[in-house]
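Coordinate inspection notes
These are the residues of each chain, in order.
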Amino acid sequence: MSVLVNSVANTPPLVQARNVHKSFENLEVLKGIDLDVVPGEVVVILGPSGSGKSTFLRCINHLESINRGSIEVDDEQIGYRLNKGRLVKLSSHAIALQRRKIGMVFQQFNLYPHMTALQNVIEAPIGIHGESRSQATENALALLDRVGLSAKAHNYPRQLSGGQQQRVAIARALAIKPKLMLFDEPTSALDPELVGEVLSTMRDLASQGLTMIVVTHEIGFAREAADRVVFMDGGKIVEQGKPEDVIGNPQHPRTRSFLSRFI
Ligand SMILES: Nc1ncnc2c1ncn2[C@@H]1O[C@H](COP(=O)(O)OP(=O)(O)OP(=O)(O)O)[C@@H](O)[C@H]1O
Ligand SMILES: [Mg+2]
């Protein structure tokens, strides 16, 4: 059981991961992850390459199935349901319904190249959620404004910088009104001068109360925006706590060694 260190420690968790194990054939990648995230909390996951950070995020929205343990989001077990004490895999339709609660932003923005920024943002609300075009467009324009891109609504991805494309991708993920946002190294593919604008957008979202799990190597972002920093290594959570503790005064030698690379 993780120790909640923010001010909303008594709120029931939005995400409950229990003893999550994941293997790819003989390679055990997640070796028993326990993590609770309460509504409004911003959790930053740090850790060396190959420690299982992306795999864990992908398990949360069931892009990967897990071998043992459980993950609940908003009181629903992701990917499975209990039937007479046994776990039964959900249908792809049921999994798609669960994914509506979870927005994900990846390192590669993967916008549709033949669609404008606005069209990229309204695609899922109309196509998957059955929103009317006018309602979806109104929401999308508000979201593009929120990520600072109202002037670019009618531009195609090739007409946008990497940072602008990533902000469209964030608006697109928000368009399904997720309860939880997962970010997997959202700034790693960007030129250094474009990282700041994406982090600033994410900082705004964090301060507006969005529940976020962010995998990043941006230690400054972790320090400023995270309620909790989780350090993963070798498929386990090695250390977690407030940023000033985990980053400012790491207890575990592996955390120390990892952070020493950033100083
Ligand atoms: N689909 C897959 N099939 C087989 N092995 C995989 C698969 N996905 C990930 N792995 C392996 O699982 C381990 C953890 O990978 P993961 O991508 O979760 O690490 P990470 O912490 O996100 O690393 P990075 O910081 O480099 O992104 C690695 O050894 C990787 O090679
Ligand atoms: Mg990764």
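It should be emphasised that the depicted structure is a prediction, and the values quoted were computed from it without experimental measurement. Within any chain, residue numbers begin from 1 and follow the written order of that chain's sequence. The naming scheme follows written order: chains are lettered A onward, ligands numbered 1 onward. Reporting in this predicted model follows two pLDDT cut-offs: at least 70 for local features of residues, and 80 or more for side-chain atom pairs to be given and counted; totals over whole chains, interfaces and linings ignore these cut-offs and use all residues. Only hydrogens and water are set aside; all other atoms, that is, all heavy atoms of the structure, feed into the side-chain values.

**Focus on helix α9 (residues 253-260)**
Basically, it comes down to this: Exposure is judged per residue with a 1.4 Å probe applied to protein chains only, and the accessible area is read against the type maximum: over 50% gives exposed, under 20% gives buried, and values in between give partly exposed. Elements are defined by DSSP. Helices are runs of H or I of four residues or more, strands are runs of E of two residues or more, and each kind is numbered from the N terminus. To be clear, the arc concerns the directions from the helix axis to the C-beta atoms. Note on definitions: a residue-residue contact is assigned when non-hydrogen atoms from the two residues lie within 4.5 Å.
All buried positions along α9 are accounted for by Thr255, Phe258 and Leu259. The arc that holds every buried residue of α9, seen down its axis, measures 95°, which confines them to one face. In this structure, the buried residues of α9 make contact with β3 (42-46), α7 (219-225), β11 (228-233), β12 (236-241) and α8 (243-246).

**A look at the sheet that holds strand β10 (residues 211-215)**
Keep this limit in mind: DSSP-based pairing: two strands are paired if at least 2 bridges between them are found. Only the stretch in contact is used when a helix axis is fitted, and all axes are lines through C-alpha atoms; the angle between N-to-C directions ranges over 0 to 180 degrees.
Spatially, the six strands line up as an open sheet ordered β8-β9-β10-β3-β11-β12, and their pairing is mixed. Both edges of this open sheet fall to β8 (102-105) and β12, since each of them pairs with a single strand only. Strand-to-strand twist across the sheet, computed as the mean angle between neighbouring axes with direction ignored, equals 20°. Here β11 runs beside β12; their pairing, made up of five bridges, is antiparallel. Following the sheet pairing, valine 230 is matched in β12 by glutamine 240. Against the sheet, helix α1 (residues 53-60) engages β3, β8, β9 (180-184), β10 and β11, with an angle of about 155° to β9.

**Notes on the site of ligand 1**
Test applied: What makes a residue near a molecule or strand is one non-hydrogen atom of that residue sitting within 4 Å of it. Residues adjacent in sequence count toward polar contacts only when both atoms are side-chain atoms; beyond that, a polar contact is any pair of N or O atoms within 3.5 Å, and within protein one must be able to donate a hydrogen and the other to accept it. Computed by Shrake-Rupley with a 1.4 Å probe, the accessible areas treat only the displayed protein chains as cover when residues are assessed. Lys, Arg, Asp and Glu make up the charged group, whereas Ala, Val, Leu, Ile, Met, Phe, Trp, Tyr, Cys and Pro make up the nonpolar group; the residues left over, Gly among them, are polar.
The environment of ligand 1 is formed by Phe24, Leu27, Val29, Pro48, Ser49, Gly50, Ser51, Gly52, Lys53, Ser54, Thr55 and Glu185. One nitrogen or oxygen atom from the side chain of serine 49 is found 2.6 Å from an oxygen atom belonging to ligand 1. Between ligand 1 and serine 54, the relevant distance is 2.8 Å, taken from an oxygen atom to a side-chain nitrogen or oxygen of the residue. Taking 640 Å² as the accessible area of ligand 1 by itself, protein coverage stands at 59%. Of all elements in the fold, only β2 (27-37) and α1 reach the threshold of two or more residues within the shell around ligand 1. Broken down by element, the shell around ligand 1 gets its largest block of residues, three residues, from α1. Classifying every residue of the shell around ligand 1 by side-chain character gives four nonpolar, six polar and two charged.

**Here we look at the packing of aromatic side chains**
For any pair of aromatic rings, geometry is given as the distance between the ring centres together with the angle between the planes. Keep this limit in mind: Working definition: rings of Phe, Tyr and Trp (its six-membered ring) pair if their centres are within 6.5 Å, and the pair is stacked with planes under 30 degrees apart, edge-to-face with planes over 60 apart, and tilted otherwise.
Counting across every chain of the model gives two aromatic pairs. With 5.3 Å between their ring centres and 45° between their planes, phenylalanine 231 and phenylalanine 258 make a pair best called tilted. Taken together, the positions of phenylalanine 231 in strand β11 and phenylalanine 258 in helix α9 put the pair 27 residues apart, joining distant regions of the chain. On the basis of relative accessibility, which here comes to 1%, the residue phenylalanine 231 falls in the buried class. Overall, the relative accessible area of 2% leaves phenylalanine 258 in the buried class.

**Some words on the nonpolar core**
Basically, it comes down to this: Residues grouped as a nonpolar core are buried Ala, Val, Leu, Ile, Met, Phe, Trp, Tyr and Cys residues, joined through side-chain atoms within 4.5 Å.
Ranked by size, the top nonpolar core spans 50 residues in total, and within it Leu46, Leu144, Ile170, Met181, Phe183, Met202 and Met212 carry the most contacts. If you tally residues by element for this core, the top one is helix α6 (residues 192-207), at seven residues. Val20, Val37, Cys59 and Ile60 belong to the second-largest nonpolar core, a separate cluster that totals 28 residues.

**A short note on the sheet that holds strand β4 (residues 68-73)**
Hydrogen bonding along the main chain pairs the strands of a sheet, whether they run parallel or antiparallel. Ordered by their spatial adjacency, four strands build an open sheet running β2-β1-β4-β5, and the pairing between neighbours is antiparallel. Every other strand in the sheet has two partners, leaving β2 and β5 (76-77) as the edge strands with one partner each. Pairing of strand β1 (residues 15-24) with β2 involves eight bridges; the strand directions are antiparallel. Each residue of the ladder has a partner; that of valine 15, found in β2, is valine 37. Of the strands in this sheet, β1, β2 and β4 are in contact with α1, which crosses β2 at around 60°.

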